[in-house]
Amino acid sequence: MKVENGTGDISWSGAAGDMNIDSKYFIASVTKMYITVVVMKLIEEDKIALEDLISKHLPDHYCNSLHVLKGVDYSNQLTVKHLISNTSGIPDYFFHKQKNGRTVADELLDGHDKPWPLDKTIDLIKNLKPNFKPGAKAAYSDSNYQLLGKIIEEVTGQPIQEVLKRYIFEPLGLKNTYIYHDPTDTSPAPFYYGAKKLWLPQYMISIAPEGGIVSTVDEMMVFLKAFFTGRFFPVEKLASLKDWKMILPPPGLFLFGIGLEKLWIPWIFSPIKYPGEILGFWGQTGTFAFYNPKTDLFFCGATNQINGKGHRKATGLMLKTIKSML
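Residues numbered from 1 in each chain as written. Predicted model: local features only at pLDDT ≥ 70, side-chain atom pairs only at ≥ 80, totals over all residues. Heavy atoms only, no water.

**Quick look at the nonpolar core**
Here is a general trend for soluble globular proteins: nonpolar side chains tend to be buried in one another's company.
Consideration 1: One finds Tyr 34, Leu 164, Ile 168, Phe 227 and Phe 228 to be the most contacted residues of the largest nonpolar core, which totals 103 residues.
Consideration 2: Ile 168 has contacts with Tyr 34, Val 37, Val 38, Phe 223 and Phe 232, leaving out every residue within four places of it along the chain. (Core = buried A, V, L, I, M, F, W, Y, C linked by side-chain atoms within 4.5 Å. Buried < 20%, exposed > 50% of the residue type's maximum accessible area, 1.4 Å probe, protein only. Contact = heavy atoms within 4.5 Å.)

Okay, structure coming up:
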């Protein structure tokens, strides 16, 4: 874990278990925050717009009958904004129960490593019932970001790893941050489900835009500060990302905007020292990257624990640190 303020006057790093301060680790869904940067840059370059229909940028076979709810086909109403804000209604391939009552998450947590490319996701979700009409509400879905990653590749004409290098990794000078692409690469720390160690290289190499980045706490801190201090887009544009809608379990309880998350901290839980906004992103493996404007503190790290205990522990540590500064 690493904690730092905006000026760097306050900076602390710590590690425990089988990780060191300089360990590489899978940042999981914190990857989606990097995708937000790419989308914002492509908007700035007039290569994409939030209101663009996804059918404008994707091959027909991806879009045909992608979202059919109660006999009504909404596939041609889906927009880029629906994907990046998790308001598409497209089922989450990872947590959605299939006809056998099992989920992809169940299989992976049992240790059955397998690749999960976009074509496989499309085939699955076309046989699942959508959650709601596009734009009606929000529900977390990794499927959205798999599709968003494909749109980015179509718009730029480059694979997602090259796009991320061009817009983020190289400009920030990140030497230990990359898209996981080699199943023989054992440098990232493994993650756990309780006491069970999980090593799923085939799966991790197939989910680049939704969770495939490997990084370190130092380099994630560089990115996190760049995100919130105007390195990628004007700070004023952060307000446009704060179109909050509640996300319910799975995977957890928080608010989701335009490619950005906010911790749900009811005022009644901390009326005397209310922390204000805590903005950033969670990863399924207990990874986190958050910023608290009220104290100008940045937090990032990983518990490498999938069962939810890591998220609760990280939340507690962040809140305790923030309150100590108020």
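Now that the structure is up, let's keep going.
**Some thoughts on the environment of Trp 244**
Consideration 1: Inspection of the secondary structure puts Trp 244 in the loop between helix H10 (217–228) and strand S10 (245–247).
Consideration 2: Each C-alpha atom of the pair Trp 244 and His 57 lies 26 Å from the other, and the pair is 187 residues apart in sequence. (Helix = DSSP H or I, 4+ residues; strand = E, 2+ residues; numbered from the N terminus.)

**Here's the deal with the pattern of salt bridges**
Consideration 1: Under the defined criterion, the tally for this structure stands at 14 salt bridges.
Consideration 2: With a shortest N-O distance of 2.6 Å, Glu 4 and Lys 225 are connected by a salt bridge. Within this pair, whereas Glu 4 is found in strand S1 (residues 2–5), its partner Lys 225 is found in helix H10, the two being separated by 221 residues in sequence. Lys 225 carries the same exposure label as Glu 4, and that label is buried.
Consideration 3: Across the salt bridge formed by Arg 102 and Asp 110, the nearest N and O atoms sit 2.5 Å from each other.
Consideration 4: Judged by relative accessible area, which is 39%, Asp 110 ranks as partly exposed.
Consideration 5: One network of salt bridges, with partners in common, ties together Lys 2, Glu 4, Asp 218 and Lys 225. (Salt bridge = Lys/Arg side-chain N within 4 Å of Asp/Glu carboxyl O.)

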